Amino acid sequence: MSLGLIIFLGLFAAPLFWGVAIFNQLITLKNNTKKSWSNIDVLLKQRNSELPKLIDTCKQHMKYEQETLEKVIKARNLVESAMQSKNIPQLGPAEMKLEASLNGLFAVAEDYPELKASDAFLRLQTRISTLEESISDRREFYNDTAALSNTRIQQFPDNIVANMFSFKEFDLLEFHMSELQDVDIAANFI
């Protein structure tokens with residue numbers, strides 16, 4: 001082989017290998033982001049399947065607090081709707097409403113000693129709290145992976161490969177400032 005041919009092949013092969021390496025890294029980021037969304041989806045489905053059990057347990061003891069239970073049900077339905085439509089911008093506010101209504105439900109439950117003492121209620125309350133913490137962690141992880149993927153898609157020279165293969169940016173789970181404020185539990189007792 002002549003030196004000119006080796007140089008020509010090297011100049012042709014180097015960009016090709018570089019492009020393949022970038023493509024594979026972008027695919028890995030894309031799949032990790034989809035996986036992190038799936039992890040959120042699993043936890044939301046678990047919570048939404050366990051909430052009716054909590055509500056039923058509370059209904060047995062809280063005959064006069066129907067409004068509080070209805071808020072939880074409505075908020076749960078908003079989350080379910082956002083999940084099914086994969087509407088990430090709508091999911092953040094729906095999640096905040098559900099969290100606030102659950103906090104209200106747990107606060108109202110304080111007025112019912114027999115409910116607070118119920119093993120079923122305590123187990124479900126603990127499970128819901130654990131799920132809430134896990135969902136929060138997974139949302140943060142999703143936003144981290146989505147931001148990393150979006151950054152790589154926008155950075156030069158990765159953006160060349162990303163544009164060639166139509167890589168799309170991921171929506172971040174965002175929360176409006178009003179939804180990030182502390183929930184006033186005392187207001188539920190007025």
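Structure report, in brief. (Residues numbered from 1 in each chain as written. Predicted model: local features only at pLDDT ≥ 70, side-chain atom pairs only at ≥ 80, totals over all residues. Heavy atoms only, no water.)

## Concerning the packing of aromatic side chains
Scanning all chains against the criterion turns up 3 aromatic pairs. Here F23 and F167 contribute two aromatic rings whose centre-to-centre distance is 5.9 Å and whose plane-to-plane angle is 75°, an arrangement assigned as edge-to-face. Placement of F23 in helix 1 (residues 3-61) and of F167 in the loop between helix 6 (158-164) and helix 7 (177-180) is noted, with a sequence separation of 144 residues between them. A relative accessible area of 26% places F23 in the partly exposed class. (Phe/Tyr/Trp six-rings, centres within 6.5 Å; stacked < 30°, edge-to-face > 60°. Helix = DSSP H or I, 4+ residues; strand = E, 2+ residues; numbered from the N terminus. Buried < 20%, exposed > 50% of the residue type's maximum accessible area, 1.4 Å probe, protein only.)

## As for the packing of helix 2 (residues 66-84) against helix 3 (residues 88-109)
Two numbers describe how helix 2 lies on helix 3: the axes approach to 8 Å, and their chain directions differ by 155°. The orientation of helix 2 relative to helix 3 falls into the category roughly antiparallel. With respect to the hand of their crossing, helix 2 and helix 3 are arranged in left-handed fashion. On the side of helix 2, the interface is formed by T68, L69, K71, V72, A75, R76, L78, V79, A82 and M83, while helix 3 contributes Q90, L91, A94, E95, K97, L98, S101, L102, G104, L105 and V108. Of the residues in the contact of helix 2 with helix 3, the class split is 13 nonpolar, 4 polar and 4 charged. (Axes fitted to C-alpha atoms, helices over the stretch in contact; angles between N-to-C directions. Parallel < 35°, antiparallel > 145°, perpendicular 65-115°, else oblique. Left-handed = near helix turned anticlockwise from the far one by under 90°. Contact = heavy atoms within 4.5 Å. Nonpolar A, V, L, I, M, F, W, Y, C, P; charged D, E, K, R; others polar.)

## Describing the pattern of salt bridges
As enumerated under the stated definition, the model contains 6 salt bridges in all. In this structure, E50 and R127 form a salt bridge, with 3.1 Å as the shortest nitrogen-oxygen distance. Taken together, the positions of E50 in helix 1 and R127 in helix 5 (residues 119-154) put the pair 77 residues apart, joining distant regions of the chain. Among the residues examined, E50 registers a relative accessible area of 14% and is labelled buried. R152 is the partner of D158 in a salt bridge, and the nearest nitrogen-oxygen pair spans 2.4 Å. (Salt bridge = Lys/Arg side-chain N within 4 Å of Asp/Glu carboxyl O.)

## Considerations on the nonpolar core
In terms of nonpolar packing, the biggest core is built from 31 residues, with L54, L91, L102 and Y142 touching the most fellow members. Listing elements by their share of this core, those giving two or more residues are helix 1, helix 2, helix 3 and helix 5. Ignoring sequence-local partners within four residues, the contact set of L91 consists of W37, L44, V79, A82, M83 and L173. I22, L26, A162 and F167 belong to the second-largest nonpolar core, a separate cluster that totals 6 residues. (Core = buried A, V, L, I, M, F, W, Y, C linked by side-chain atoms within 4.5 Å.)

## A look at helix 3
The end-to-end C-alpha distance of helix 3 is 31 Å, a good match for the 32 Å that 22 residues give at a rise of 1.5 Å each. The buried count for helix 3 comes to 16 of 22 residues, which makes it a mostly enclosed element. The backbone nitrogen of Q90 has a side-chain oxygen 3.1 Å away, supplied by the residue at the start of helix 3, namely N87. (Expected span 1.5 Å × (residues − 1). Polar contact = N/O pair within 3.5 Å; in protein donor to acceptor, adjacent residues only side chain to side chain.)

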